[in-house]
Amino acid sequence: MTTGTKGTFYLDAAAHRMEQFLESTKQPGKGPYYGGSFDFGHNEPHCYPGKIPEGVPDVTYFVRVFADYIKSIAPKSADLGWQ
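Residues numbered from 1 in each chain as written. Predicted model: local features only at pLDDT ≥ 70, side-chain atom pairs only at ≥ 80, totals over all residues. Heavy atoms only, no water.

Engineer: Which residues make up the pattern of salt bridges, and what values do they have?
Structural biologist: Across all of its chains, the model carries 3 salt bridges by this definition. A salt bridge links Lys-51 to Asp-39, with the shortest nitrogen-to-oxygen separation between them at 3.2 Å. Placement of Lys-51 in the loop between β2 (39-41) and α2 (58-73) and of Asp-39 in strand β2 is noted, with a sequence separation of 12 residues between them. Between Asp-68 and Lys-71 there is a salt bridge whose closest N-O contact spans 3.6 Å. Taken as a pair, Asp-68 and Lys-71 lie in helix α2 at a separation of 3 residues, close to a single helical turn. By relative accessible area, which is 45% here, Asp-68 ends up partly exposed. You can call Lys-71 partly exposed: its relative accessible area is 31%. (Salt bridge = Lys/Arg side-chain N within 4 Å of Asp/Glu carboxyl O. Helix = DSSP H or I, 4+ residues; strand = E, 2+ residues; numbered from the N terminus. Buried < 20%, exposed > 50% of the residue type's maximum accessible area, 1.4 Å probe, protein only.)

Listed below in structure tokens is the structure:
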């Protein structure tokens, strides 16, 4: 999840609480662990997309991120011909 700390309606506070809760799923008996990540952009707006390399369109960056994730959790027998 990405969000800025300077967002409208102070939603970053709720995002911090969500992060704390999800990270607590690492503890025995609290899981399964969610395995995600949070990126809070200091003084960035609510719609902060995260640290995207310069010159790479947002959509291109996130499609690659999602594709890498799908490949990482796919069963060994999965057809990954779409790569």
